[in-house]
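Structure assessment
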Amino acid sequence: MARVFVSHASSDAELADRIYRTLADLGHRAFLARDLRTGIRPGEVWKERLHQELRAADAVICVVTEAYNASPWCAYEIGIAHEVGSLLLPLRAQAGVASPLLDDRQHVAVVDNGGWIGDLDGPLRRVDAAGGLGWAWDRSPFPGLRPFTRDMARVFYGRADELRRLTHRLRALSDRRLLLVVGGSGCGKSSLVTAGLTARLGAEPGWEVADPFLPGHDPINKLARALTQTAIRIGLHWDPAEVHQRLATDDRALVGLAEELLSAGYGQHRDRLLLVVDQGEELFTRADAAERARFAGVLSHGLDGPIRVVIAVRSEFQDQLFALPELHGAHLHAFPLRPLARDMLSVVITEPARVAGLSVEPELVSQMVADTDGGEALPLLAFTLHELARNQTRGGRLSAQRYEELGGVRGALARRADAVLDEAVAAARLPREEILAGMAELATLDEGGRRTRRRIEVAELPSEAMRTAFGVFVEQRLLSTASDSLGGAGVGVVHEALLSVWPPLDAAIREREAALLSEGQVERAAAARAHGGPLWDVDRLTAATTILWGSYDRFRAGGRPVVNLNNAGRRFLAECHRRVEAARRRDRRRRRRTIAVLAVLLVVTLAGAATAGWQGVSARQAQHAAERAQRAVIAQALLTRADDVSATDRIRALRLSLAAWAVHPDAASQERLQTLASSRTTLANGSPVTAVAFSPDGQLLATGGADASVLLWSVAAGPDQPRRVGPPLTGLHSLVTAVTFSANGRLLVATSFDRTRMAWDIGDSARPQPAGRPAPALGPVDTCVDRSPAAPVEAVGEELGGVSLWSVGGGTGDRHLLGWLPAGPGEARAVRFSPDGGILAVGSGRDVRLWDARTAARLPPATADAADRIGRPALDACASEFEKTKVPPEQEGGEGRAGDGSDTSARDGRDLPAPSLRPIGLPLTGHTHAVFSLAFSRDGSVLASGGNDGMLRLWRVSTVSASRQQVVTAACTEAGGGLDASSWQFYLPGVPYHPTCAQ
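Residues numbered from 1 in each chain as written. Predicted model: local features only at pLDDT ≥ 70, side-chain atom pairs only at ≥ 80, totals over all residues. Heavy atoms only, no water.

**Thoughts on the overall build of the chain**
Counting its secondary structure elements, the chain contains 34 helices and 38 strands. Within the chain, the proportion of its 999 residues that are buried is 52%. Counted over contacts in the chain with a minimum sequence separation of 6, partners at least 24 positions apart contribute 65%. Carbon and sulfur atoms provide 52% of the accessible area of the chain, an area that totals close to 43,400 Å². (Helix = DSSP H or I, 4+ residues; strand = E, 2+ residues; numbered from the N terminus. Buried < 20%, exposed > 50% of the residue type's maximum accessible area, 1.4 Å probe, protein only. Contact = heavy atoms within 4.5 Å. Areas by Shrake-Rupley, 256 points an atom, 1.4 Å probe, with all protein chains shown as cover.)

Rendered as C-alpha cells:
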C-alpha cells in the first residue's frame, strides 16, 4: 500500500493522530513524526529523519489550518514533496481555510464531509497501483537477479518504447484476446510486465490490475491467491481457499470474481481487470497436463468477461501455448521482446541511481556498457549493479574501483555465489560438493533438454543441514522462497542466469543432466498419473531407474537416487515397478511353457528322426534342419531379451548375446555380439548430431547439432568414461555441418549450413570463449565426401545407399571411377577415412559399415558401363533437392542414365557393380535414425558416429575388425564371463547348460 507522510502543525496533533490511525486501518504505511512506535524517537536527528521520510513518501497529506499556513516548517515540507514529485493531498481541517501554496490543488474537506476518508483513500490506492512516487533513502534501485516489481516502477528504465507499444496493443484488444509477451530468458519480460505494464495501467482510469503471479505446479491456486491479495488491497475480505474452490468448480467463476473486484472500493469506476501471468513456461515445466488444461480453461472462460490476460513466456514455449486446445476459442497475440538495445544500457545504469540519490563515475558507465556488450547479458549487469549499490544510501557513489573488486559484470555473480557458498558450508557443516549437488536440483530439463529453474519443497530437502545451507542463500537473495510468488513452501533460484554463469553450480548440473532430465520426466508423469495418466512400461521404467539409481537392481533394493526425487515421483515409480514385476512373473511362466513346448518338440523331432533313421540320409538331413530351426528360435528369443536390456544393463546384454551365439552362431547373433562388444558408450546429445570431431591430442570430442550449438566432451579418461565439459557453444544460426580443431587444439571452428563459421578459444575447455564474431565460411562443407590421407582416392556417398570411389591424382583435375561399395538401405550421408587411410567408414541409413581401404589406390579404373550404372557423378547424398534439380543433363552420365528415365535399375539399387573393397566385420547397428556424421580418433582406435536420433556412439575399431573368436573373447572379458548355470536355467529352462566363455 501507499507510503503516506502526515504533515501538520503542532496544534493540530489530535486530528493528525486520527488521520494516522485511519490510514493504518486502511492498510497504508503512514508516517507521523509524533507517533511513539514509528515516528521520531528520542535522541534521533529529527531534521534528517523528516527528510528521509518525505523523500520516501508516495503522498503527503497536508492538514490545512491557519496554524499550518503560518508554520515555516510545514511550508518546507510542501516544498520537499514538490521536489520529489509526491502526491500532495490538502485536507481542509478548518472551515474556509486553504493553503496558498496548494491553491492549484483540490482540497478535501473534513468539516461536514462524512466521506473524507474515501476521498483520501481513492487517490492513495491509485498512486500505489501506479507503483508509488517516493523512494526510501536506504533502498537500492537495482533488484539484482529478481525482476522489477510494481513498487519499483519509478526506477524501471530502458523500455519506454516497448512499454508504450505494449500498452497500446493491450488497450486495442477486443474481447476474448490474450496477449503473450515473448522473449528469451533474461531479456526482461518479467520486469516489463510486473513493473512497467502493471504500474502504467494501474495509473489509468478504468483499470484494476491484479497482483502478477507465477503458475507453479498448481496455477489455479496461484490465480486464486493473486485475486485474493488484490481484493484485500481494495478492502474486500476474501478467503483464498474459497476463491480456489469457486475457480475449480465453476466455469464462470473468474468472470464473477472480476466483476466483484471492479465494483468494490473507493474511487473512480473501473471496468477492466488485468491478469498478469509471469514465467508462463512453468505451465509446461512445473504443472502437469491436467492442471495446465484446467487453468487454460479457466482463462478461456474468463475472457468472456471484463478481463484482459497477459502472459510473459520464454520464446521456446510460445508454440506450446498456442497449441493448447482449451485456448482455441480465444485469440492469442504475441508481443516479441528483444534483448535490451545496447544504447539503453547506460540509461538502466544512471537513471535508477539518480532516483535513489546515488552518483555514478562516468568511466564506470562506459566500462560496464563495454563489458555487458548487449542486452543478452542484462541479468548479469543487473546483479552487478545490485552488488555495487549494496549498503549505499542517498548520497553514495558507485565507483570503478569497487567494480574491479567485484570482478566485472561476469565475475560479480560468481564471486558473490562463491562467498555465499563458503557461508553455507560454515553454517550447515556440509561439504561444498554436497551443497552444490542439492542446488543442482533447482534446475530441471524439459523434453528438449533446455535448462529451466525448478522449485523444491523445503520439506523434501534431505536434511536439516541442507535446509540451513539453502537458508543462507535465501538470506543473501540468491535463492527465493515461494512467498515471493504467492504461496507454496518451495525454494528456487532468483534467476536462471545463476544456473549457468556460476561455474561450480553449472558443473554440478552438467554432471547430473541425464538424471535431472529423467527426474523431470518422472515428476511430470507422476503429476499426470494423479489425474488418471498412464503408468510406464518396463523400458521406460528401466531407463529412468538406471539413470536415477545407477541400476534397476539398486532401485529395487531401495537405494537412494542420485538426485532428490520428490515423494510423488517415488510413489509413481514404485507403482510402475509393481505392475512390471507382475507382468514379468506372467511372462516368466509363459516363457517356461514356451521353452518346454520347444524342448518337447525338439525331443519329438529327434525321436522321430531316430525312428526314421533307417530311411537314410534324407531323414538325417531333416533331423539337422529341425535342430537348427529350434536353436534359431531359442537364439532369437535371447537376442530379443538382450535388446530389451542393452540400454540399461550392458553386462547382461553381452551375456545373453554370448548365449545366443553359443546356441546358434549365425550372422544375426554375430552382428549383435560385435555391436555390443565394440560400442563403448552412447551419449545423448539432445538434437540431431550433424558434425563430430576429435581434438588432435584425443582428449576432447566436439559435436555439432541441428540446433546450431556445439558441445564439448572430455574423453581424457577413455571412450568408456566421456563427460560433458563447458557450456553449449552458441552463436551460429543454422545446423552445424562441420567442427574442426586447430593443430594445437586451442581453437575450435564450427561451420553451419548457411555457410557461416565461428571460432572459440578452448584453451580452458570448461570456460570456452568466442574468438571473434561469426564470419563467412571459407567454402562449402560436404560430409558425404572424404579424401584418403594415404592415397589419391576420394570416397563419395551416393543416394543409392552406397559409396563410389574416385581417382583424383595426376594433376589434371580429371576424376576416374575406381569402384563401388554397397552400404545398405538409405543414403550414405557420412563418409570418413581413418587417419592412416587404412579404413573407410560409411554411415548409410541407420548403420555404420567399415571397409579395408588399404588397396583402394591399386584399384583399376572402372568400366564405362559401371560408371553409367552408379548414377550422377556431379551429386552426392548430401546434395539439396534444389541442387539435384539444377544438374545439367550432360553431367548425369552417358546413355541409359537414371537421370533421363531410360533405365532406373541403378537408382533402385539393382544391377550395380560388385564391392571393390573387403568389408571389415559386420555392420554396426544401434542408431534408430539416419547416421549423419563420423569421425576417427587420431590413433584410429575409436570411431564416433552421430545420428538424427540425437545420439552419439563411440565404437572400438579393433573389436569390429577382430575375428569371430576374438569378438567372443572380448565380449567374455568385458562381461566377466557368460551366463552361469542358474541364469541359464532362468532364461533357457529345459535346455542343457552350455558354458559360453572359457574359464
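**Quick word on the state of the cysteines**
The full count for this structure, using the stated rule, is 1 disulfide. Across a sulfur-sulfur distance of 1.9 Å, Cys 972 and Cys 997 are joined as a disulfide pair. Disulfide Cys 972-Cys 997: torsion about the S-S bond near -85 degrees, hence left-handed. Of this pair, Cys 972 sits in helix 33 (residues 964–975) while Cys 997 sits in the segment after helix 34 (981–987), placing them 25 residues apart in sequence. Its relative accessible area of 12% is what places Cys 972 among the buried residues. We note that Cys 62 lacks a disulfide partner, and the nearest cysteine sulfur, in Cys 74, lies 8.3 Å from it. (Disulfide = S-S within 2.5 Å.)

**A look at the pattern of salt bridges**
Here the structure, examined in full by the defined rule, presents 37 salt bridges. Of the charged contacts in the structure, one is a salt bridge between Arg 125 and Asp 121, with a shortest N-O distance of 2.5 Å. Here Arg 125 pairs with Asp 121, and both are found in helix 5 (residues 116–129), just 4 residues apart, close to one helical turn. Pair check on accessibility: Arg 125 and Asp 121 agree, each one buried. With a closest N to O distance of 3.2 Å, Arg 246 and Glu 260 form a salt bridge. Placement of Arg 246 in helix 9 (residues 240–249) and of Glu 260 in helix 10 (residues 253–263) is noted, with a sequence separation of 14 residues between them. Here the residues in one salt-bridge network are Arg 150, Glu 208, Asp 211, Arg 233 and Arg 270, joined through shared partners. (Salt bridge = Lys/Arg side-chain N within 4 Å of Asp/Glu carboxyl O.)

**Topic: the pairing of strand 29 (residues 793–797)**
Counting buried positions along strand 29 yields 5 of 5 residues, so the element is predominantly enclosed. Residues Val 793, Ala 795 and Gly 797 line one face of strand 29 and the alternating positions Glu 794 and Val 796 line the opposite face, and both faces are buried. In this sheet, strand 29 lies alongside strand 28 (residues 785–787) in antiparallel orientation, the contact comprising 3 bridges. Paired with Val 785 across the bridge in strand 29 is Val 796. Between strand 28 and strand 29, which pair antiparallel in sequence order, lie 5 residues. In terms of strand pairing, strand 29 meets strand 30 (residues 802–807) through 5 bridges, oriented antiparallel. Pairing of Glu 794 across the sheet is with Trp 806, part of strand 30. (Pairing = 2+ DSSP bridges.)

**Overview of the packing of aromatic side chains**
When we look at a pair of aromatic rings, we describe it by the centre distance and by the angle of the planes. Counted by the stated rule, this structure contains 9 aromatic pairs. With centroids separated by 4.9 Å and ring planes inclined at 35 degrees, the aromatic side chains of Trp 73 and Tyr 76 adopt a geometry described as tilted. Residue Trp 73 and its partner Tyr 76 are located together in helix 4 (residues 72–84), separated by 3 residues, close to a single helical turn. The partly exposed category is assigned to Trp 73, whose relative accessible area is 25%. Joined through ring pairs, the aromatic side chains of Trp 46, Trp 73 and Tyr 76 make up one cluster. (Phe/Tyr/Trp six-rings, centres within 6.5 Å; stacked < 30°, edge-to-face > 60°.)

**Describing unusual backbone geometry**
Its identity is not glycine, yet Gln 279 carries a phi of approximately 50 degrees, on the positive side. On the basis of relative accessible area, Gln 279 is assigned to the buried category, the value being 7%. For Arg 429, which is not glycine, the phi torsion reads 55 degrees and is therefore positive. Tracing the backbone shows Arg 429 in the loop between helix 18 (408–428) and helix 19 (432–440). You can call Arg 429 exposed: its relative accessible area is 76%.

**Observations concerning the environment of Pro 215**
With respect to the helices and strands, Pro 215 occurs in the loop between strand 7 (207–209) and helix 8 (219–233). Residues in contact with Pro 215, not counting those within four places in the same chain, are Lys 222, Val 277, Asp 278, Gln 279, Gly 280, Glu 282 and Leu 283.

**A closer look at the packing of helix 6 (residues 160–172) against helix 7 (residues 189–202)**
In contact at an axis separation of 10 Å, helix 6 and helix 7 are set at 60 degrees when each is read in the N-to-C sense. As helix 6 runs across helix 7, the sense of the crossing is right-handed. The residues of helix 7 that touch helix 6, namely those facing Leu 163, Arg 164, Leu 166, Thr 167, Leu 170 and Arg 171, are Leu 192, Gly 196, Leu 197, Arg 200 and Leu 201. Grouping the constituent residues of the contact of helix 6 with helix 7 by class yields 6 nonpolar, 2 polar and 3 charged. (Axes fitted to C-alpha atoms, helices over the stretch in contact; angles between N-to-C directions. Left-handed = near helix turned anticlockwise from the far one by under 90°. Nonpolar A, V, L, I, M, F, W, Y, C, P; charged D, E, K, R; others polar.)

**Overview of the sheet that holds strand 7**
Consider a sheet: its strands pair through backbone hydrogen bonds, and that pairing is either parallel or antiparallel. An order of 7-8-9-6-10 is seen for the 5 strands of this open sheet, with the pairing classed as parallel. In this open sheet, the two strands that pair with only one neighbour each are strand 7 and strand 10 (331–336). Strand-to-strand twist of the sheet, defined as the mean angle between neighbouring strand axes without regard to direction, takes the value 25 degrees. Pairing between strand 8 (residues 272–277) and strand 9 (residues 307–314): 5 bridges, direction parallel. When the bridges of strand 9 are listed, Val 277 appears paired with Ile 311. The sheet contacts of helix 12 (residues 289–302) involve strand 6 (177–183), strand 8 and strand 9, and relative to strand 9 the element is tilted by about 145 degrees.

**Observations regarding the side chain of Arg 233**
Along the polypeptide, Arg 233 turns up in helix 8. For Arg 233, a relative accessible area of 14% translates into the label buried. Of note is the side chain of Arg 233, whose polar atom sits 2.9 Å from the backbone oxygen of Val 209. Setting aside residues no more than four positions away along its own chain, Arg 233 makes contact with Met 1, Arg 125, Asp 128, Arg 150, Glu 208, Val 209 and Asp 211. (Polar contact = N/O pair within 3.5 Å; in protein donor to acceptor, adjacent residues only side chain to side chain.)

**Some details on the nonpolar core**
The biggest cluster of nonpolar side chains holds 105 residues, and the ones touching the most others in it are Phe 473, Trp 502 and Leu 573. The element that contributes the greatest number of residues to this core is helix 18, accounting for 9 residues. Setting aside anything within four residues of it in sequence, one finds Trp 502 in contact with Ala 414, Ala 417, Asp 418, Leu 421, Leu 436, Met 439, Phe 473 and Ala 497. Counting 42 residues, the second largest nonpolar core, distinct from the first, contains Ala 226, Ala 253, Leu 303 and Phe 317. (Core = buried A, V, L, I, M, F, W, Y, C linked by side-chain atoms within 4.5 Å.)

**Digging into a positive patch on the surface**
Taken together, Arg 579, Arg 585, Arg 586 and Arg 589 make up a surface patch of like positive charges. As for its position among the elements, Arg 589 is in helix 26 (residues 567–611). (Patch = residues over 30% accessible without salt bridge, like charges linked within 9 Å, V, L, I, M, F, W, Y side chains within 5 Å. Lys, Arg positive; Asp, Glu negative; His and termini not counted. Charge placed at Lys NZ, Arg CZ, Asp CG, Glu CD.)

**Describing the confidence of the model for the chain**
Detailed conclusions should not be drawn from predicted coordinates in areas where pLDDT is low. In the predicted model, the chain carries a mean pLDDT of 81, and 83% of its residues have values of at least 70. Counting interchain partners and residues more than four positions distant, the pLDDT-below-50 stretch residues 483–488 has 15 contacts. In this model, residues 880–910 is a region of pLDDT below 50 whose contacts with residues beyond four sequence positions or in other chains number 42 contacts. (pLDDT = per-residue confidence, 0-100.)

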